[in-house]
Amino acid sequence: MNLIFLGAPGSGKGTQAIRLAEKVNILHLSTGDLLRAAVKEGTELGKKAEGFMKAGELVPDEVIIGLIEAKQASGDLNNGFILDGFPRTIPQAESLDKMFDRVGTKIDNAVLLDVDDEEIINRLSGRMSCSGCQAGYNYPANMPKKEGVCDKCGGELVRRPDDMPDVVKNRLDVYKKQTQPIEDYYRGKGVLLPITGVGVPDEIFSRICEGLKV
Ligand code: ADP
Ligand code: ZN
């Protein structure tokens, strides 16, 4: 099964993609996670990406396309995958199609998590994660027992630099301008699967599984 997960920042696509990948035993590939790791390690890729990410802008297409082509070339995409955070622009979607045409693969479904703007802004401004084990928290829906401290490992809870309120607004604008057009791109190909992204995570996960018949 070859899937793409689409949705605004804060739509919950990362959480749901991880769960689904575990359930059907395929690779979960998050370009955001890859880039954040590269920034942390200070690699060439990280140096290229950091400024864009901090400002809530997209990393240039050629940088991110190169990253995905490398994954394909090394065989990582051969046994099913969920691409989470890629493609994010029309040129990225087109180059993905070209790459898959060359090797005879295709996207089975593009799962779109639908959440309205107001809910997105609330979610992102309350999002925190553990600097130790990366566990995610949410104020007020999923609070740690002790403010600022991870329940699981005692690590310090931090906010992603791009979850600061003014950057959040820019990420939403960027999503609307640059990423939303690819919803139509996949709708046109008959593979778009829109899912209501509101409700508790279990409920949303059930909708996704029903939609994909898994
Ligand atoms: P979110 O979906 O919550 O905004 P991600 O973790 O998917 O967060 O991505 C974080 C940041 O990484 C983006 O704002 C962007 O700067 C960069 N990024 C991730 N994927 C891509 C991509 N496919 N193209 C360009 N930039 C990307
Ligand atoms: Zn922790």
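In this text, all values refer to a predicted model and were calculated from it rather than measured experimentally.

Points about the sheet that holds strand β6 (residues 136-138)
Reading across the sheet, the three strands line up as β6-β5-β7 and stay open at both edges, with antiparallel pairing between neighbours. Strands with a single pairing partner mark the edges of an open sheet, and in this sheet they are β6 and β7 (157-158).

Remarks on the coordination of the zinc ion (ligand 2)
Under perfect tetrahedral coordination by four donors, a metal shows angles of 109.5 degrees; under perfect octahedral coordination by six donors, it shows angles of 90 or 180 degrees. With distances of 2.3 to 2.4 Å, the protein atoms coordinating the zinc ion (ligand 2) are Cys130 (SG), Cys133 (SG), Cys150 (SG) and Cys153 (SG). Geometry at the zinc ion (ligand 2) is tetrahedral, judged from its four donor atoms and the angles of 98 to 116 degrees they form at the metal. On the primary sequence, the residues serving as donors to the zinc ion (ligand 2) are separated as C-x2-C-x16-C-x2-C. What makes Cys130 buried here is its relative accessible area of 1%.

Describing empty space enclosed by the protein
Think of a ball as big as a water molecule: rolled over the atoms, this probe shows where empty space is left. Within this structure, the stated rule accounts for one cavity of 30 Å³ or more. Quantified by volume, the largest cavity comes out at close to 60 Å³. Together, Phe5, Leu6, Gly7, Ala8, Pro9, Lys13, Gly85, Phe86, Pro87, Arg88, Tyr175 and Thr179 line the largest cavity. Of all elements in the fold, only β1 (2-7) and α7 (165-179) reach the threshold of two or more residues within the lining of the largest cavity. Among the elements that take part in the lining of the largest cavity, β1 stands out by supplying three residues, more than any other. Partitioned by chemical class, the residues of the lining of the largest cavity number seven nonpolar, three polar and two charged.

Some words on the sheet that holds strand β8 (residues 192-196)
The parallel open sheet is built from five strands, whose spatial order is β2-β3-β1-β4-β8. Of all the strands in the sheet, just β2 (27-30) and β8 have a single pairing partner and so form its edges. Geometrically, the sheet is characterised by an average inter-axis angle of 20 degrees between neighbouring strands, direction not taken into account. Of the strands in this sheet, β2 and β3 (81-84) touch helix α2 (residues 31-41), which is tilted by about 60 degrees from β2.

As for the packing of helix α1 (residues 13-24) against helix α9 (residues 201-212)
Contact geometry of α1 with α9 gives a least axis separation of 10 Å together with a crossing angle of 55 degrees. When the interaxial angle is binned, α1 and α9 end up oblique. Between α1 and α9 lies a crossing of right-handed hand. In contact with Gln16, Arg19, Leu20 and Lys23 of α1, α9 contributes Pro201, Asp202, Ile204, Phe205, Ile208, Cys209 and Leu212. For the contact of α1 with α9, the class distribution of residues is seven nonpolar, one polar and three charged.

Considering the site of ligand 1
Taken together, the neighbourhood of ligand 1 is formed by 19 residues, with Thr31, Glu57, Gly85, Gln92 and Arg171 sitting nearest. Arg171 is positioned with one of its side-chain polar atoms (N or O) 2.9 Å from an oxygen atom of ligand 1. Here ligand 1, which alone exposes 550 Å², has 96% of that area covered by the protein. For the shell around ligand 1, the element with the highest residue contribution is α2, accounting for four residues. Residue classes in the shell around ligand 1 are distributed as seven nonpolar, four polar and eight charged.

Reading the values: rules and limits
- All chains use their own residue numbering, which begins from 1 and follows the written sequence.
- Labels are handed out in written order, letters beginning with A for the chains and numbers beginning with 1 for the ligands.
- Local features in a predicted model are, by the rule used here, given only for residues with pLDDT of at least 70; side-chain atom pairs are given and counted only at 80 or more, and totals for whole chains, interfaces and linings are based on all residues.
- Side-chain numbers here rest on the full set of heavy atoms in the structure, without hydrogens or water.
- Between any two strands, at least two bridges found by DSSP are needed for them to pair.
- Comment: elements are numbered from the N terminus, with helices defined as DSSP H or I runs of at least four residues and strands as E runs of at least two.
- Here the term donor refers to an N, O or S atom within 2.8 Å of the metal (or 3.2 Å for Na, K and Ca), and because water is left out of the atoms, sites may appear incomplete.
- Metal sites are grouped by the angles between bound donors: all angles between 85 and 135 degrees with four donors is tetrahedral, opposite donors over 155 degrees apart with the others between 65 and 115 is square planar for four donors and octahedral for six, and any other pattern is irregular.
- Each residue is assigned to one of three classes by its accessible area relative to the maximum for its type, calculated with a 1.4 Å probe on protein chains only: buried under 20%, partly exposed between the two thresholds, exposed over 50%.
- Within this scheme a cavity is a closed region of a 1 Å grid, computed over the protein atoms alone, that accommodates a 1.4 Å probe without allowing it to escape, whereas a pocket is open but has protein on both sides within 12 Å along at least five of seven lines; lining residues each have an atom within 4 Å of a point.
- Grid points are joined across faces, edges and corners, and a volume is the space filled by probe spheres set on the points.
- Basically, the charged four are Asp, Glu, Lys and Arg, the nonpolar ten are Ala, Val, Leu, Ile, Met, Phe, Trp, Tyr, Cys and Pro, and anything else, Gly included, counts as polar.
- Fitting a line to C-alpha atoms yields each axis, with helices limited to the stretch in contact; the angle taken between N-to-C directions then spans 0 to 180 degrees.
- Residues are treated as being in contact if the distance between any of their heavy atoms lies within 4.5 Å.
- Any angle from 65 to 115 degrees is called roughly perpendicular, while one under 35 is roughly parallel, one over 145 is roughly antiparallel, and all others are oblique.
- For a crossing to be left-handed, the near helix must be turned anticlockwise from the far one by less than a right angle; the clockwise case is right-handed.
- Nearness of a residue to a molecule or strand requires only that one of the residue's heavy atoms be within 4 Å of it.
- Between N or O atoms, a polar contact is any pair within 3.5 Å; within protein, one atom must be a potential hydrogen donor and the other a potential acceptor, and residues adjacent in sequence are included only when both atoms are from side chains.
- All accessible-area figures derive from a Shrake-Rupley calculation using a 1.4 Å probe, and residue coverage is judged against the displayed protein chains alone.

Treat this as a map of the structure, not an account of what it does.
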